[in-house]
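One letter stands for each residue in the lines below.
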Amino acid sequence: MKKSELETMRKSFNTVKSRSDSIKESPSTKRLVKRVREIKKFSIENKDELINQLLESFSRNDIECKMADNSFEALKIIDGLLDEFGASVVAKAKSNTLGEIDLKNHLKEKGIDVVETDLGDRILQLKKVDNKPVHPTGPASHLNVSNITDIVNESLDVNVDPVPREIMEVVRKDVLDRLKYANVGISGANAIASEEGSCVMVHNEGNISIVSLKDLHIIVAGIDKIVPTLEDAISVSKLETIFATGNYVTSYMNVISGPSKTADIEKKLLKNMYGAERVVVILLDNGRSEAIDECLYCIGCGNCLINCPVYNAVGNEFGFNNYLGGRGVAMSKFIEDDETCFNSGLYMCTLCGLCTLNCPLSIPTNDILENMRKLSTDAGFYPKAHGKIRDNVSKNNSPF
Ligand code: SF4
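Because the structure is a prediction, the values reported are computed rather than measured.

Caption draft 1: How the structure looks around the pairing of strand 11 (residues 268–271). Of the strand pairs in this sheet, strand 10 (residues 261–265) and strand 11 are connected by three bridges, and their pairing is antiparallel. Counterpart to Ile265 in the pairing with strand 11 is Lys268. Counted along the chain from strand 10 to the antiparallel partner strand 11, the turn is two residues long, and its residue Glu266 has a positive phi close to 50 degrees.

Caption draft 2: Quick peek at the sheet that holds strand 9 (residues 252–256). Strand order in the open sheet formed by four strands is 8-5-6-9, with mixed pairing between adjacent strands. Both outer strands of the open sheet, strand 8 (226–227) and strand 9, are each paired with one neighbouring strand and no more. Where strand 5 (residues 191–193) and strand 8 come together, two bridges link them in parallel fashion. Note that in strand 8 the partner of Ala193 across the bridge is Val227.

Caption draft 3: Main features of the packing of aromatic side chains. Tallied over the full model, the rule gives two aromatic pairs. With a centroid separation of 6.3 Å and 25 degrees between ring planes, the pair formed by Phe13 and Tyr311 is classed as stacked. One end of the pair, Phe13, is in helix 1 (residues 3–24); the other, Tyr311, is in helix 13 (residues 309–314), with 298 residues separating them in the sequence. Among the residues examined, Phe13 registers a relative accessible area of 3% and is labelled buried. Arg37 extends its terminal NZ or CZ atom over the ring of Tyr297, reaching a point 4.0 Å from the ring centre. Just above the ring of Tyr323 sits the side chain of Arg327; from NZ or CZ to the centre is 5.5 Å.

Caption draft 4: Structural detail: the layout of surface pockets. Computed from the structure, the second largest pocket encloses a volume of approximately 810 Å³. In terms of lining residues, the second largest pocket is bounded by 32 residues, among which Lys104, Asn105, Glu116, Gln125 and Asn131 are the most central. Those elements that place two or more of their residues in the lining of the second largest pocket are helix 5 (96–100), helix 6 (103–109), strand 3 (113–116), helix 7 (119–127) and helix 8 (145–156). Element by element, the count of residues in the lining of the second largest pocket is highest for helix 7, at five residues. The residue inventory of the lining of the second largest pocket, partitioned by class, reads ten nonpolar, ten polar and twelve charged. Mapping the lining of the second largest pocket onto the domain boundaries places at least three of its residues in each of domain 1 (3–284) and domain 2 (302–397).

Caption draft 5: Main features of the state of the cysteines. One pass over the structure, following the stated rule, counts zero disulfides. Of all cysteine sulfurs in the structure, the one in Cys199 sits closest to Cys65, which takes part in no disulfide; the separation is 8.6 Å. As a non-bridged cysteine, Cys352 has Cys355 as the owner of its nearest cysteine sulfur, 6.1 Å distant. Residue classification places Cys352 among the partly exposed positions, given a relative accessible area of 45%.

Caption draft 6: Structural detail: the pattern of salt bridges. Throughout the structure, instances matching the rule amount to 25 salt bridges. One salt bridge connects Lys47 with Asp48, and the closest N-O pair in it is separated by 3.3 Å. The exposure class of Asp48 is partly exposed, given its relative accessible area of 49%. Each of Asp113, Arg122, Asp174 and Arg178 takes part in salt bridges that share partners, so that together they form one network.

Caption draft 7: Region of interest: the site of the ligand. In the vicinity of the ligand, the contacting residues are Cys298, Ile299, Gly300, Cys301, Gly302, Asn303, Cys304, Arg327, Cys359, Pro360 and Ile363. Classifying every residue of the shell around the ligand gives seven nonpolar, three polar and one charged.

Caption draft 8: Local environment of the confidence of the model for the protein chain. Residue-level pLDDT values for the protein chain average 92, and 96% of them are 70 or greater. Taken together, the stretch residues 385–400 has pLDDT below 50 and engages in 24 contacts with residues farther than four places along the chain or on a different chain.

Caption draft 9: Region of interest: the environment of Leu369. Structurally, Leu369 is set in helix 17 (residues 365–378). The class of Leu369 is buried, set by a relative accessible area of 0%. Separated by 28 residues in the primary sequence, Leu369 and Cys341 place their C-alpha atoms 9.7 Å from one another. Once you skip the residues sitting within four places of it in the chain, Leu369 turns out to touch Gly326, Val329, Ala330, Leu346 and Cys349.

Caption draft 10: The arrangement of the nonpolar core in detail. By size, the foremost hydrophobic cluster in this structure holds 51 residues, and its most contacted members are Leu239, Tyr311, Leu361 and Met372. Here the element with the most residues in this core is helix 11 (residues 230–245); it accounts for six residues. Two domains each provide a minimum of three residues to this core, namely domain 1 (3–284) and domain 2 (302–397). Discounting chain neighbours no more than four positions away, the residues touching Leu239 are Thr29, Leu32, Val33, Val36, Ile299, Pro360 and Leu361. Formed by 39 residues, the second largest nonpolar core is a distinct cluster that contains Phe58, Leu143, Leu156 and Met201.

Caption draft 11: Spatial organisation of the domain arrangement of the protein chain. Examined at the domain level, the protein chain breaks down into domain 1 (3–284) and domain 2 (302–397). Taking only C-alpha atoms into account, the centre of domain 1 sits 26 Å from that of domain 2. Summing both sides of the interface, domain 1 and domain 2 together bury roughly 1900 Å²; the carbon and sulfur share of this comes to 56%. It is Glu100, Lys132 and Phe243 that lose the most area in domain 1 upon contact with domain 2, and together they represent 27% of the buried surface on that side. Applying the counting criterion to the domain 1 and domain 2 interface returns zero salt bridges.

Criteria and cut-off values
Just so you know, the residues in each chain are numbered from 1, in the order the chain's sequence is written. For this predicted model, a pLDDT threshold of at least 70 governs which residues receive local features, and a threshold of 80 or more governs which side-chain atom pairs are given and counted, while totals over whole chains, interfaces and linings are taken from all residues. Hydrogens and water molecules were not included; the side-chain quantities draw on all heavy atoms of the structure. In this analysis, strands are considered paired if DSSP registers two or more bridges between them. Comment: elements are numbered from the N terminus, with helices defined as DSSP H or I runs of at least four residues and strands as E runs of at least two. Between the rings of Phe, Tyr and Trp (Trp by its six-membered ring), a pair exists once the centres lie within 6.5 Å; its type follows the angle of the planes, with under 30 degrees stacked, over 60 edge-to-face, and the other angles tilted. In this scheme, a residue with accessible area under 20% of its type's maximum is buried, one over 50% is exposed, and one in between is partly exposed, where area comes from a 1.4 Å probe on protein chains only. Note on geometry: a ring has a charge over it if NZ (lysine) or CZ (arginine) is within 6 Å of the ring centre and within 35 degrees of the ring normal. Grid points spaced at 1 Å and placed over the protein atoms alone form the basis of the search, with a cavity being a set where a 1.4 Å probe fits but cannot get out and a pocket an open set showing protein on both sides within 12 Å along at least five of seven lines. Lining residues have an atom within 4 Å of a point. Grid points are joined across faces, edges and corners, and a volume is the space filled by probe spheres set on the points. We call Asp, Glu, Lys and Arg charged. Ala, Val, Leu, Ile, Met, Phe, Trp, Tyr, Cys and Pro are nonpolar, and the rest, Gly among them, are polar. Domain start and stop positions are those given by an automatic or database domain assignment. Note that a disulfide, as used here, is simply two cysteine sulfur atoms within 2.5 Å. In the sections that follow, a salt bridge refers to a side-chain nitrogen of Lys or Arg positioned within 4 Å of a carboxyl oxygen of Asp or Glu. Any residue with at least one heavy atom within 4 Å of a molecule or strand is counted as near it. On a scale of 0 to 100, pLDDT captures the predictor's confidence in every residue. Note on definitions: a residue-residue contact is assigned when non-hydrogen atoms from the two residues lie within 4.5 Å. Take the buried residues of types Ala, Val, Leu, Ile, Met, Phe, Trp, Tyr and Cys, join any two whose side-chain atoms come within 4.5 Å, and each joined set is a nonpolar core. Accessible area, probed at 1.4 Å, shrinks when two parts are joined; the buried area is that loss added up over both.

This is the structure in structure tokens:
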């Protein structure tokens, strides 16, 4: 990342920090933190039972559910569904899981126009190069209004002034024009309720509502998003909102529990009234079953990032794909392999522990990375200039 981008990112992070401190420290947030920790503990310890219950609930609700062991399987399922619907344009909402499986690039290679509906993500998409997000909920926090104006003017061939409202309006019109041709929407989920078979999604822009109104709504979520009940799913989503944005709630909270339907004419069931006629949920494992429990407590708020000295110094070079910072480095070991973990910045971490102190779930990311370093060193990996793997360690000799 450029120096100016890092400065803008740090400024954005400071704005979030200053506005959120009192909410994070409030008695109700402290109670919520305790509750969510218990919910996640129960969910991790009863993962298989919750998955089985969820499959029954989805079936009762007419939601199709498919399990994917890895990114390849998830993308194959999505390809099949898009072929069925003859989709050439897809409406996409912001989702770390969709970033994890690299959906956008995969569909781009197949000639499908993926339209990001979140403003920050859309700006990065228009940027075309060096467009990795810098935060799970503030993907373009490193770009100032002048950078964004240049990106929008160049890529949309317009001449907008560097005024946030004008930029927003131009991008919104372009996105909505493109979405007229989309019959499929793809999103993630913030949490999934096993008992009710409901997917909870929080957002401020209203874009997930648009995505869910397409004929087919595909939801891709990690198995770590499953919690026992709808109340639990809302608690998790609320805590994520508090620590990601400094607000108690987002403007919108969608709860999707089935396809759009009506029985208002002679009690005959008709689907696809306004929303999707088919809802398909893809539950992604991708290393989660192998991950250590503490990694699965994460709710994706990104509060560890804004307080991480290394992240503030180097930005999104510290982390794995769109799983940024120390927690991303830890997850890369399970999603990919030890070599990826090493190259994602295993030795960049200062082990200062600020991530743990600022994590609502107290995930001991620094301890996790310290343990991973021991394994890494034992195996012959150690840091060198630019963090590359020691040349003379062949993969064959490595215990990884
Ligand atoms: S590790 Fe903690 S602070 Fe970081 S994103 Fe996950 S829940 Fe939030």
